[in-house]
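So the chains spell out like this:
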Amino acid sequence: MYKEKVVIFHPAIAPYRIDFFNSLNEAFDVSFYFEHRDPLEQSFDQEELKKHIRFSYSFLSSGLFGIKNLRVEILKILKREKPKMVFVSEYTMLGLLVLLYKFFFNWKLKIVITCDDNLEMAESANFAKRCVRFLLLHYVDLVLLVNDQVKHWYEKSLLFKAQYFYFPIVQSDEQFRERLQAAMSLSSRLRVQYKLEGKKVLLYVGRLVRVKNVTLLLNAFKNIFEERKNLVLIIVGDGDERQSLQRLVKPLIEDGHIIFVGKKEGNELMAYYNLGDIFVLPSQYEPFGTVVNEALLSGCYVLCSSVAGASCLIQENTNGNVFVSNDLNDLVVKLRYSLSKSEKKENKMSFTFDSFMKPFVRQLEVLSQ
């Protein structure tokens, strides 16, 4: 069966994009080129990632003169691959190089941009980004946006040639649930180890850095703990704020009510998702927040910061609540409400990965004709 040739340039491989890339690779003849071996702000176990990747890929060389997005080799790649369609990430010089190739070598080339901006980032883009965005949106064919509010803003404010498609960063529900199930035995051992039987488990997964605002979560926990002594907060992750955060709640750590377990990946991470009843993402800056999808798939009721693009996955009072970023009282109120609910440990995503992936592939097929 003939498949259209597609080239994808992307910053790095991350767990939350593997299902998306696998699906594109099944639908098209795709060549993947990544700029970095890890996302710039975090690293992942590459051997663990390879267990789930069903495509081959290459890495781009360093940018010319040390400028990370000035990768002129992509012109040679495009000449060699002769794709019908090219994916680029965000509004960068790399996108401008692809546009240059389109101007001089293949005017019929279709260009797709993936953009992870939340609404605040889209509205408050700096001058350089606005200029590149303005230019690219006159010539690219499709922009993939991860937040529905951002899509609406684009359609209202950026009336250019490009079409806009809403596709949040979500993973295959079937495959993720299988991984959760495979980790059940480890979850059972951890439940015994941390004496969690009969306890309500709050969960945080992410980096322990200032923008993640974990201090707000710890203060909310301290505020409400006096009312609910059966609470346990598990912090999964690491970062330069870990020691200061631990000092802030030292007595609660010593009593086993707050547990810092460090960074976890693969089966271990799934095991902790199995333990969680309520998941909290307290970030004060968060383009999307892929952990929200993971927590919902694992059956957690999710409290999500209003600045996170992933707030679009929350149905108020149904699978979670959105609270005002940096508002301790609002988080405490929403946390108190979530604790009053009796929730089954079942998939709480309101839609499936395929419900977005299949229409998107159809859109690309029409675009490539």
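Computed from a prediction, not measured in an experiment: that's the story for all the values here. Within each chain, residue numbers correspond to sequence positions counted from 1 in written order. Confidence filtering applies because this is a predicted model: local features only for residues at pLDDT of at least 70, side-chain atom pairs given and counted only at 80 or more, and all residues used for totals across whole chains, interfaces and linings. Excluded from the side-chain calculations are hydrogens and water; all other atoms, namely the structure's heavy atoms, are used.

Some points on the nonpolar core
To keep it simple, the criterion reads: Side-chain atoms within 4.5 Å link the members of a nonpolar core, which is a set of buried Ala, Val, Leu, Ile, Met, Phe, Trp, Tyr and Cys residues. Residue burial is assigned from relative accessible area. The probe radius is 1.4 Å, only protein chains are included, and a residue is buried under 20% of its type maximum, exposed over 50%, and partly exposed in between. When checking whether two residues touch, look at their non-hydrogen atoms; a contact exists if any pair is within 4.5 Å.
With 73 residues, the main nonpolar core has Phe87, Phe167, Ile234, Tyr273, Phe279, Leu313 and Phe360 as its most contacted residues. Every residue in contact with Phe167, bar those within four places of it in the chain, is listed here: Phe20, Leu144, Leu145, Val146, Phe353, Phe356, Met357 and Phe360. Within the second largest apolar cluster, 33 residues are counted, among which are Leu60, Val86, Leu136 and Tyr164.

Remarks on helix H7 (residues 148-157)
The line we're drawing: Each helix is a run of H or I in the DSSP string that is no shorter than four residues. Each strand is a run of E no shorter than two, and both are numbered from the N terminus. Working definition: the arc comes from the directions between the helix axis and the C-beta atoms, pointing outward to the latter. The term polar contact refers here to a pair of N or O atoms within 3.5 Å; inside protein, the definition further demands a hydrogen-donor-capable atom paired with an acceptor-capable atom, and it admits residues adjacent in sequence only when both atoms are side-chain atoms.
Those residues of H7 not exposed but buried are Val150, Lys151, Trp153 and Tyr154. Seen end-on, H7 carries its buried residues on one side only, within an arc spanning 160 degrees. Looking at the packing, one finds that the buried side of H7 touches strand E5 (110-115), helix H5 (119-123), helix H6 (127-136), strand E6 (142-145) and strand E7 (163-166). In this structure Asn147 caps H7, since a side-chain oxygen of it lies 2.8 Å from the backbone nitrogen of Gln149.

Examining the state of the cysteines
Spelled out, the test is: Note on terminology: disulfide denotes any pair of cysteine sulfur atoms within 2.5 Å.
Scanning all chains against the criterion turns up zero disulfides. Of all cysteine sulfurs, the one in Cys312 lies closest to Cys304, which takes part in no disulfide; the gap is 8.6 Å. When its relative accessible area of 0% is taken as the criterion, Cys304 is described as buried.

Some remarks on unusual backbone geometry
Positive phi outside glycine occurs at Lys195, with the angle close to 55 degrees. Looking at the element boundaries, Lys195 is found in the loop between helix H9 (184-193) and strand E8 (200-205). Under the relative-accessibility criterion, Lys195 is labelled exposed at 65%. If you check the backbone angles, Asn326 has positive phi at about 70 degrees while not being a glycine. Turning to its location among the elements, Asn326 is positioned in the loop between strand E13 (320-323) and helix H15 (328-340). Looking at Asn326, the relative accessible area reads 45%, which means it is partly exposed.

A short note on the side chain of Asn321
For Asn321, the position within the fold is in strand E13. Assessed through its relative accessible area of 2%, Asn321 is described here as buried. Of note is the side chain of Asn321, whose polar atom sits 3.0 Å from the side chain of Glu316. Within polar-contact distance, the side chain of Asn321 engages the side chain of Asn317 at 2.7 Å. Excluding its chain neighbours within four sequence positions, the residues that come into contact with Asn321 are Tyr301, Val302, Leu303, Cys304, Ile314, Glu316, Lys334 and Tyr337.

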